[in-house]
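Each chain, letter by letter, is given below.
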Amino acid sequence: GGDDDNLPMTRQAQTDLWLHQHPKDCTDKSTKFLVNDWVNSPKLGLGGQMVAMAGIFAIAVNEKRVLVTDTLNRADHDECKGSARAHWSCYFVLETSEECRAQAKRLLSQKKAWKQKVVTNANSYPKAYMWFGKVPEKWGRPWETMQPLDVVDGEILGRHKATDRQWWRAQALRYLMRAPSEYLCKQLNLARHHRFGRQAAELTIKTLPTNWPGSEQDQQASLREKIWTTPKPWLPRPMLSVHVRQGDKASEMKIFSFKSYMELAQKIQTQFPQLQEIWLSTEMQNVIDESKNYTNWRFHYTDIPRQNGTTSMGAYERSLGVKASSNNAFVNFVMASECDFFVGALGSTWSFLIDAMRATGGKLRAGFLSVNKDRYW
């Protein structure tokens, strides 16, 4: 999308963050580092971990330090091979160069480096900095020109709370998740094949030339190679992402029925009658069951056991195991951010982060229809 399809200053911020994270000489004495694990707490879901790292990233940018992420518990499984085991690089491209990571690791073992604050970690700062620290103003205050495009009760919100943190977290996540790893691409392709493979095959058969595979294919093959090549995996479009958060979230916000989410989906469909596909992400089995009542929609979702009742998210994820729960979370997150429209709940951190990725991925003006305005209005 163009600049107006993203949060203000997104293109410049992403360029500058890459340059910040990739200094010309990692071993130069002026290069400083902030090295930290991804916060691991039974009370934090993956969304909370990503918000915490965005706060740590803000400290690094403000202090002109290269951020180096260390242990990620969600990548601590056998399919994350070699150096990617228990690290962010199992799922997304490294946040900095291998040279900078190596230099930072060397400095971690040097008392002098710690004393001179050449290297620090999150414990070097007040804990509140991680959650409520100063947002980088390297790009001025672009959040002051942000026009919220979140819709609640049929109206666009006039303002958000903490627009500075909203803008920064969106930029931090867009940088950290700018490119999936080969392993995550494989998981995404498995999910796409499982949910869309038959549709893609049927569409391919319908569009095959009548003389296929005749000798007149040479020119067509050349056109396909040079002009018609699809740069991204196929999705049935337009597609709506619906993230339904229920279960233990009732302790933090009022939860809404699946019907409430689908009423918003119907409003979008009224404006875009060709919209029939929904990517549905939820931890609740009852939501999957209820979706079968909406026969005018085609629902797609990952094939994974879901919970009944109000089991805590932590307990539910532990029941799936590290590999399954992590793969499912990242696949759902990327798929949701790729969809054309979005229905969720502003009170859900996961929905908030999906919205952040969409708002830095060319889909800002598509809007976000929310069932509530808890926490971030």
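What counts and what doesn't
- Residues numbered from 1 in each chain as written.
- Predicted model: local features only at pLDDT ≥ 70, side-chain atom pairs only at ≥ 80, totals over all residues.
- Heavy atoms only, no water.
- Pairing = 2+ DSSP bridges.
- Helix = DSSP H or I, 4+ residues; strand = E, 2+ residues; numbered from the N terminus.
- Contact = heavy atoms within 4.5 Å.
- Axes fitted to C-alpha atoms, helices over the stretch in contact; angles between N-to-C directions.
- Disulfide = S-S within 2.5 Å.
- Buried < 20%, exposed > 50% of the residue type's maximum accessible area, 1.4 Å probe, protein only.
- Domains from an automatic or database assignment.
- Buried area = accessible area lost by both parts, 1.4 Å probe.
- Salt bridge = Lys/Arg side-chain N within 4 Å of Asp/Glu carboxyl O.
- Polar contact = N/O pair within 3.5 Å; in protein donor to acceptor, adjacent residues only side chain to side chain.
- 1 Å grid on protein atoms, 1.4 Å probe; cavity = no way out; pocket = protein on both sides within 12 Å on 5 of 7 lines; lining within 4 Å.
- Points joined across faces, edges and corners; volume = space filled by probe spheres on them.

The protein has the name O-fucosyltransferase family protein in an unreviewed UniProt entry, where Selaginella moellendorffii is given as its organism.

1. Topic: the sheet that holds strand β1 (residues 32-36)
Pairing in this open sheet of 3 strands is parallel, and the strands run β2-β1-β3 from one edge to the other. With one partner strand each, in any of the chains shown, β2 (65-69) and β3 (119-120) form the two edges of the open sheet. Relative to β3, β1 is paired through 2 bridges, and the arrangement is parallel. When the bridges of β3 are listed, Leu34 appears paired with Thr120. Packed on one face of the sheet, helix α3 (residues 98-108) meets β1, β2 and β3 and runs near 80 degrees to β1.

2. Let's talk about the state of the cysteines
For the structure shown, the criterion picks out 2 disulfides. Cys80 shares a disulfide with Cys90; S-S distance 2.1 Å. The chirality of the disulfide connecting Cys80 with Cys90 is left-handed, given an S-S dihedral of about -75 degrees. You can see Cys80 sitting in the loop between β2 and α3 and its partner Cys90 sitting in the loop between β2 and α3, a full 10 residues away along the chain. For the pair formed by Cys80 and Cys90, the shared burial category is buried. Within the protein, bonded cysteines paired by disulfides and numbered along the sequence follow the pattern 1-4, 2-3. Here Cys339 is not cross-linked by a disulfide; its sulfur's nearest cysteine counterpart is in Cys185, at 17 Å. Cys339 gets classed as buried once you look at its relative accessible area, which sits at 1%.

3. Brief notes about the domain arrangement of the protein
Split by domain assignment, the protein resolves into domain 1 (3-143 + 162-178) and domain 2 (183-204 + 233-370). On a C-alpha basis, the centres of domain 1 and domain 2 stand 27 Å from each other. Of the residues lining the interface, 26 residues belong to domain 1; the matching set on domain 2 comes to 25 residues. Where domain 1 abuts domain 2, roughly 2,400 Å² becomes buried across the two surfaces, and 67% of that area is made up of carbon and sulfur atoms. For domain 1, the biggest contributors to the area lost against domain 2 are Asp5, Tyr91 and Arg174; these three give 24% of the whole. Applying the counting rule to domain 1 against domain 2 returns 3 salt bridges. Among the salt bridges present, the one from Glu79 reaches Lys323, with a minimum N-O distance of 3.2 Å. Our count for the domain 1 to domain 2 interface comes out at 13 residue pairs in polar contact (both at pLDDT 80 or more). Put simply, the parts of the chain that give the side of domain 1 that touches domain 2 at least two residues each are α2 (46-62) and α6 (163-176).

4. Brief notes about empty space enclosed by the protein
Counting across every chain of the model gives 2 cavities of 30 Å³ or more. Considering only enclosed or pocket space, the largest cavity measures out at about 160 Å³ in volume. Considering the residues around the largest cavity, the lining is formed by 17 residues, among which Leu7, Gln166, Asp355, Ala359 and Leu364 are closest to the centre. Among the elements of the structure, α6 and α13 (349-359) are those that each provide at least two residues to the lining of the largest cavity. Counting only domains with at least three residues in the lining of the largest cavity, you end up with domain 1 (3-143 + 162-178) and domain 2 (183-204 + 233-370). Taken as a whole, the second largest cavity encloses approximately 80 Å³ of empty space. The wall of the second largest cavity is formed by 13 residues, among which Gly55, Ala58, Gly133, Arg165 and Trp168 lie closest to the centre. Counting residues per element, the ones that place at least two in the lining of the second largest cavity are α2, α5 (128-132) and α6.

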